[in-house]
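# Architecture and fold: a report
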Number of protein chains: 2
Amino acid sequence: MAESWVNSAESVGRDLHLELSGGGSRRAALIRALRAAVQDGRLAPGTRLPPYRSLAADLGVARNTVADAYAELVAEGWLTARQGSGTRVALGVSPVRAEPGARGRTAPPPRVRVPKRSPNVPAKPAHNLVQGQPDAGSFPRAAWLAAARRALTAAPNEAFGPGDPQGRIELRRALASYLARVRGTRTDPDRIVVCSGFAHALRLLFAGPGGGAGGGALSGPSPRSRLRSNRGDPVAVEAYGLGFHRSILDAARVRTLPLGLDEHGARVEELADVPGPVRAVLLTPAHQFPTGGPLHPARRGAVVDWARTHGGLILEDDYDGEFRYDREPVGAVQGLDPEHVVYVGSVSKSLSPAVRIGWMVLPEHLVGAVVAAKGEREAWVSVLDQLTLADLIDSGHYDRHVRRMRQRYRRRRDHLVTTLAEHAPHISVTGIAAGLHAVLRLPPGTEASAVKAAAWQGVALEGLSGYRHPEAATHAPDGLVVGYATPPEHGYAAAIEALCRVLPPAAEEEAERGPAGDG
Amino acid sequence: MAESWVNSAESVGRDLHLELSGGGSRRAALIRALRAAVQDGRLAPGTRLPPYRSLAADLGVARNTVADAYAELVAEGWLTARQGSGTRVALGVSPVRAEPGARGRTAPPPRVRVPKRSPNVPAKPAHNLVQGQPDAGSFPRAAWLAAARRALTAAPNEAFGPGDPQGRIELRRALASYLARVRGTRTDPDRIVVCSGFAHALRLLFAGPGGGAGGGALSGPSPRSRLRSNRGDPVAVEAYGLGFHRSILDAARVRTLPLGLDEHGARVEELADVPGPVRAVLLTPAHQFPTGGPLHPARRGAVVDWARTHGGLILEDDYDGEFRYDREPVGAVQGLDPEHVVYVGSVSKSLSPAVRIGWMVLPEHLVGAVVAAKGEREAWVSVLDQLTLADLIDSGHYDRHVRRMRQRYRRRRDHLVTTLAEHAPHISVTGIAAGLHAVLRLPPGTEASAVKAAAWQGVALEGLSGYRHPEAATHAPDGLVVGYATPPEHGYAAAIEALCRVLPPAAEEEAERGPAGDG
C-alpha cells in the first residue's frame, strides 16, 4: 500500500494523505484516492496538484500511472490542466457518477463553483457549444486537395527550398486582392506577412519569434519611429476579450489596459484619459469578441484619429469578418489608415484551425521588423499549405466555401433565435447577426447557475464573465457565449434543444447550492 | 538633390555624407551613393546602417526607396541583413562590376575580409554550394499529393478541429515505428511531440512557445526533477556547430560552453572538468555538424554515463541521420538511454524545409512540460501536413524517397571526391561518407582567400571557421563546407567544376590583399 503526504508549498494547501487501497490497478486506486480527496474537501477547488514526478516518487508508482490518473480525472472534469498553471482541482466541474467501488460508497459530486475562465472542457460533452471553432465536418476536403494538386504541380522547384519568412509571394498576392475585395483593406503583397495565426502575430509584434519577453517588432524604443511610444508603454484592450491573447502580452511583459465597452463597442475615447503614452490598441471592430456588437462608425474614426495624433497603432483582429448574415460586412478599419493599423486575419474560422495560416497586413514601416522577428527563413508556416491556399483563393473555391458556410451558420443562428423565442422568450440573443457565436442575455444573477446546469446536462459552453479583463470597469450583463458553429450539422438541433433545457426560467434567482460536500 | 549626414551613435561610425546626384531614379542614385561610401571606406565593413525610416527621413525620400536600395545592395553582396543585427556593410563581399556611371569612374571593388559567420548569400550565385538544404527539385510531388489524398479522405472530422499540441496520433505512431526501424530509437507515440523543426524544439525546451527568455520546458528549477541542474546552468555544445542554434540559446539567456572536438567527435569527457552543473549537452552524434565525423562509440557511452550520473540531458540533433553512404547508419544515442536523451529530427533534410515538420522523442518526465510549452492547442504545425506525412511514412513512400535521395547524394559525393582527386589532389575530403555536405581540408591559411575566390567566381559556399563557437579552444584546420545537395541535378557537375577552379593551388599562401580602397 503506497502512501503519500504531499507537501504544501505552492501546490496543495496542506499535507495530503493519499492511500492507494482497494482492488484493481494502482492507476484505479490512485484515481479513487484523488477523487475521494476532492470529494471530502482535502483537496479544495483551485488547489494545484503536485507534478507527476513528485507524486510518483512519493507514492512509489510509475510516473505514467500518475499522469494517467490525472488525465482521467481531467477527462472526468474533477481536475483541470492548463498551460503554465499545472493541474488543479477544478473550480467548476461537471459531476460524474462516482465509481461504485470508491471508498466503498457512492460519493456525492463535489461542490461546484463557477469557472472564472473558459474551461476548455477536456472531456467530450454530449453537446459542444464552446465558441471558437468552425464546423470541422465542413472542411472542403475535395477543393483543398484539388488546389493542392494544381499548386504543387505548378510550383517552381525553389518553392521546396528554404522559404521566405515573409511568406510565399503567390499567397501574398492572392491575399492582397482577396482582402481588398472582401474586407476593404488597402495594401499590396509587400506589406503582408504570413504567420500561423493571430497568436503568432501578437508574438511577432511583442515577443519575438514565438513567445517570452523581448524581441518583437514593437519591443524596442525607436526614437525615430512613427510610433512615439515604446516598450514600457501599455497596450489597450477591450474590457471583454480572449484571455489567451492577454496571456501572450503578459508573457511578453506588456501591460494591458482595459477599455470600457458599451452598445457602440469599445470606448476608444478613454484612450485620451490614459496618463502617459499607449503603444497600441487591440480591437475586434467588425464583431466585438465576445459581446457581439460592431464598433460604431464614429469610434472607428476616433480611434484612427487617436493613432495619428499620438503615433499609436491599431491592432485589428478580424477573426470572423467574412461572416455577416444581415448585410454586407463592414470593411476593415485598416482601409481608413493603412499606416496606423496592423490588420490580422486567418483561416482558423473560415476554413479550419488545422491549417495553421494567418496573415498580417502591416504599415510599411513595420514590415522589416516583423519579418526580422519571424527569422531568417520560414520556420513556421508550411509552404505547401501556403501554395495550396493561394490557389484555393485565386480559383474562387475559397469564396465558394465561405459563402456555403455563411449560409449554414446563418441557418444555425436563425434556428437558435427562433427556438429561443419559442421556448425561452425571456432570453434574448444580443449582438449582430454575424460570426460563429452568439451571446444569450440571461436574467441577472443566473449566469453561474446556468453554466453549472449546462455542464450537468452535458452541454459545454461558457459564461460571458470568463472573458472579462480582471481590471475592467465594465460589467456586462449575465450571459452565455454559445458557439453555434461547433456541433456537427446532424447534432445541431439536439444541441440547441439541450441548451433550452438548461436555461434559467423567467424569474429564477441564482441557486448556488451544491450537494453536501463531505460524505 | 537630397543629402544626409547619418548620425553616428550605434549605427555608422561617423557622420556620413550621402549625395543623391546623377541621373536615373532616386533609388539608383542612393544605390550609387551607398556603394561609393563603401568603396571609399566611409562606410567600413561591419558598420551598421541606419534604419530605413531614419535614412528616408534624412534624405527626404520614401522609405521604400531606402528599403529597395538596401535590398539591392544586399543582393549584390555589399551589405548583409541579419535578424537582430540590422543591415551592415558586408565583412566579406563578392565584388561586383561597378555601375559605369557611379561617380563617373569605374570603382574598384571594396576591400574584402573573411566572413566571420555563414553569409547566407542573398544574391543568387551561379553555383550554390551553401550547405543546409536538400535538392529542392527532388521533392516527391506526386507521392506527397497521393498521400495527401489518402490522408485527408480518411481523416475523421475532428482532425479539422483544434489540434492536439502533442501532434496527430497518426503521425506519432508512424514516427515511433519508423524511427525505431531506421534510427534505433526506443519510444512510443506518447513520448513524441511534433514541432516545426530543430529550432522550434530548442525553443520549446529553453525559451517557451517560440523564443525569448523563460517559459521553456527546461527553464524552471525543479528540485524533484531527475535533472539536477536548473535554469542558470549552461548548456554544453560542440566547438563547431550552427550559430543559429547558439543564437536561440543566447536569446533564451542560456549560456553555452563549447566542448572540444577531435577525430573522435565531441570531447564529452570535458563535461567532467566543468565547474558546476551543466544542464544539457547538444550533440550531433551520427555526423558531427559541420566537421563530419561520427561520435566515437566510447564517447557515446561516456556521455550517457555523464547524463545518468549528473542528472544531465543529451540533446541529440539527428539532422541527417538517414543519409549514410558507406554502411548502415549508426543508431541514435537515444536508443542507449531514452530517459536521458531528447532526440530531435525533421523532414527538412530528408524531404524539404518547406514542410515545417520535426519531432522530439522525449524522456517520459519531459513530455508534459514540452507539450505545455507548445500551448493549449496546435498553433504551429499544419495538421493536414501531419496527416499527409503519416501516410507517406506508413505507405513506404517516405522510405522510397529517402533511398532514392541516398543514391543521388552518394553519387554526388563520389563525384566530388573523384573530381578533387583528379584536379586538386592536395585537397582532401574529410569526414564520413554521409549527409548533404562535405568538408574540404585546405592548405593552412588558405580558407579566407578560397572563400573570397569562390565568391568572385559566383560559387556560394562557406568556410569552416564561420561555424566555430567564439569561445572554443579547438581550432579546426582550414576548410570549406560544401553543400553538395543544394544545386539542381543538371547543374551539379558544373558547380563542382567551378569549385575546382577556385581551390587554392598546392603550395599557395594566403593572399589577403584587396585592390586599393580609396579612388
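How each quantity is defined
Residues numbered from 1 in each chain as written. Chains lettered and ligands numbered in written order. Predicted model: local features only at pLDDT ≥ 70, side-chain atom pairs only at ≥ 80, totals over all residues. Heavy atoms only, no water. Helix = DSSP H or I, 4+ residues; strand = E, 2+ residues; numbered from the N terminus. Buried < 20%, exposed > 50% of the residue type's maximum accessible area, 1.4 Å probe, protein only. Areas by Shrake-Rupley, 256 points an atom, 1.4 Å probe, with all protein chains shown as cover. Least-squares fit on C-alpha atoms with pLDDT ≥ 70 in both. Contact = heavy atoms within 4.5 Å. Polar contact = N/O pair within 3.5 Å; in protein donor to acceptor, adjacent residues only side chain to side chain. pLDDT = per-residue confidence, 0-100. Buried area = accessible area lost by both parts, 1.4 Å probe. Salt bridge = Lys/Arg side-chain N within 4 Å of Asp/Glu carboxyl O. Nonpolar A, V, L, I, M, F, W, Y, C, P; charged D, E, K, R; others polar. Core = buried A, V, L, I, M, F, W, Y, C linked by side-chain atoms within 4.5 Å. Axes fitted to C-alpha atoms, helices over the stretch in contact; angles between N-to-C directions. Left-handed = near helix turned anticlockwise from the far one by under 90°. Pairing = 2+ DSSP bridges.

### So, the overall build of chain A
Along chain A, the regular secondary structure elements total 13 helices and 19 strands. Within chain A, buried positions represent 60% of all 519 residues. Here chain A displays about 19700 Å² of accessible surface, and carbon together with sulfur accounts for 51% of that area.

### Re the relation of the copies chain A and chain B
Rotating chain A by 180 degrees and translating it 0.0 Å along the rotation axis places it on chain B, where the RMSD comes to 0.1 Å. Viewed as a symmetry operation, the transformation between the two copies matches a two-fold axis. Of all interface residues in chain A, 100% are interface residues in chain B too; the two copies therefore contact each other through one and the same surface.

### Let's talk about the side chain of Thr185(B)
Residue and element names in this part refer to chain B. Its location among the elements puts Thr 185 in the loop between helix H5 (169-183) and strand E6 (192-195). You can call Thr 185 buried: its relative accessible area is 4%. Within polar-contact distance, the side chain of Thr 185 engages the backbone nitrogen of Ala 180 at 3.4 Å.

### Things to note about the confidence of the model for chain A
The predicted coordinates of low-pLDDT regions are not to be read in fine detail. Residues and elements named next belong to chain A. When pLDDT is averaged across chain A, the result is 84; 82% of the residues are at 70 or more. Every residue in residues 1-14 is under pLDDT 50, and counting partners more than four places away or in other chains gives 48 contacts. Ignoring residues within four places in sequence, the model shows residues 209-214, a span with pLDDT below 50, making 33 contacts including any to other chains. Confidence metrics for the complex model read pTM 0.76 and ipTM 0.76.

### As for the interface of chain A and chain B
Tallying the contact residues gives 60 residues for chain A and 60 residues for chain B. When chain A packs against chain B, close to 5700 Å² is buried across both sides, 51% of that on carbon and sulfur atoms. Where Glu364(A) meets Arg63(B), a salt bridge forms, and the shortest distance between an N and an O atom there is 4.0 Å. For the side of chain A that touches chain B, the secondary structure elements donating two or more residues are helix H2 (52-59), helix H3 (63-76), helix H4 (141-154), helix H6 (198-206), helix H9 (367-374) and helix H10 (383-394) of chain A. Ranked by the residues each element gives to the side of chain A that touches chain B, the list is headed by H4(A), at 8 residues. Here the residues of the side of chain A that touches chain B sort into 24 nonpolar, 22 polar and 14 charged.

### Section: the nonpolar core
Ranked by size, the top nonpolar core spans 144 residues in total, and within it Leu389(A), Leu499(A), Leu389(B) and Leu499(B) carry the most contacts. In contact with Leu499(A), not counting residues within four places along its chain, are Leu129(A), Leu416(A), Leu440(A), Val459(A), Leu461(A), Leu480(A) and Val482(A).

### Some thoughts on the pattern of salt bridges
Across all of its chains, the model carries 40 salt bridges over all chains by this definition. Residue Arg168(A) is joined to Glu158(A) by a salt bridge in which the shortest nitrogen-to-oxygen separation is 3.3 Å. With Arg168(A) in the loop between H4 and helix H5 (169-183) and Glu158(A) in the loop between H4 and H5, this pair connects stretches of sequence that are 10 residues apart. Arg168(A) gets classed as buried once you look at its relative accessible area, which sits at 11%. Owing to a relative accessible area of 45%, Glu158(A) belongs among the partly exposed residues under this scheme. Close ionic contact of Glu339(B) with Arg191(B) constitutes a salt bridge, the shortest N to O distance being 2.9 Å.

### A closer look at unusual backbone geometry
All names here are of chain A. In this structure, the amide linkage connecting Phe 289 to the following residue, Pro 290, adopts the cis form with an omega of 0 degrees. Inspection of the secondary structure assignment puts Pro 290 in the loop between strand E11 (280-283) and helix H8 (297-310). Notably, Arg 253 is not glycine yet its phi reads approximately 55 degrees, a positive angle. You can see Arg 253 is positioned in the loop between helix H7 (243-251) and strand E8 (256-259).

### Here we look at the packing of helix H11 (residues 397-423) of chain A against helix H13 (residues 492-502) of chain A
The angle between the axes and the distance between the axes are what describe a pair of packed helices. All names here are of chain A. Running from N to C, H11 and H13 cross one another at 35 degrees; their axes reach a closest spacing of 10 Å. Remark: the crossing between H11 and H13 carries right-handed chirality. For the pair formed by H11 and H13, the contact residues are Arg 412, Arg 413, His 415, Leu 416, Thr 419, Leu 420 and His 423 on the first element and Tyr 492, Ala 493, Ile 496, Leu 499 and Cys 500 on the second. Considered class by class, the residues forming the contact of H11 with H13 number 7 nonpolar, 3 polar and 2 charged.

### Observations concerning the sheet that holds strand E12 (residues 313-317) of chain A
The strands making up a sheet associate through backbone hydrogen bonding, with each pair oriented either parallel or antiparallel. Residue and element names in this part refer to chain A. Read from one edge to the other, the open sheet built from 7 strands follows the order E6-E14-E13-E12-E11-E7-E8, with strand pairing classed as mixed. At either end of the open sheet lies a strand with only one pairing partner, and these are strand E6 (192-195) and E8. Ignoring which end each strand starts from, the neighbouring axes of this sheet average 20 degrees apart. The sheet contact formed by E6 and strand E14 (residues 358-361) spans 4 bridges and is antiparallel. Within E14, the residue paired with Cys 195 across the bridge is Gly 358. Along the sheet, H6 contacts E6, strand E7 (235-238), E11, E12, strand E13 (341-346) and E14; its crossing angle with E12, the most-contacted strand, is approximately 165 degrees.

### Side note on helix H12 (residues 447-456) of chain B
Residues and elements named next belong to chain B. A large share of H12 lies buried, amounting to 7 of its 10 residues. Three or more residues of H12 are buried, namely Glu 447, Ala 448, Ser 449, Ala 450, Val 451, Lys 452 and Ala 454. In this fold, the buried residues of H12 make contact with strand E17 (459-460), strand E18 (462-463), strand E19 (479-483) and helix H13 (492-502). Note on H12: the residue one or two positions beyond its end, Gly 458, has a positive phi of about 75 degrees.

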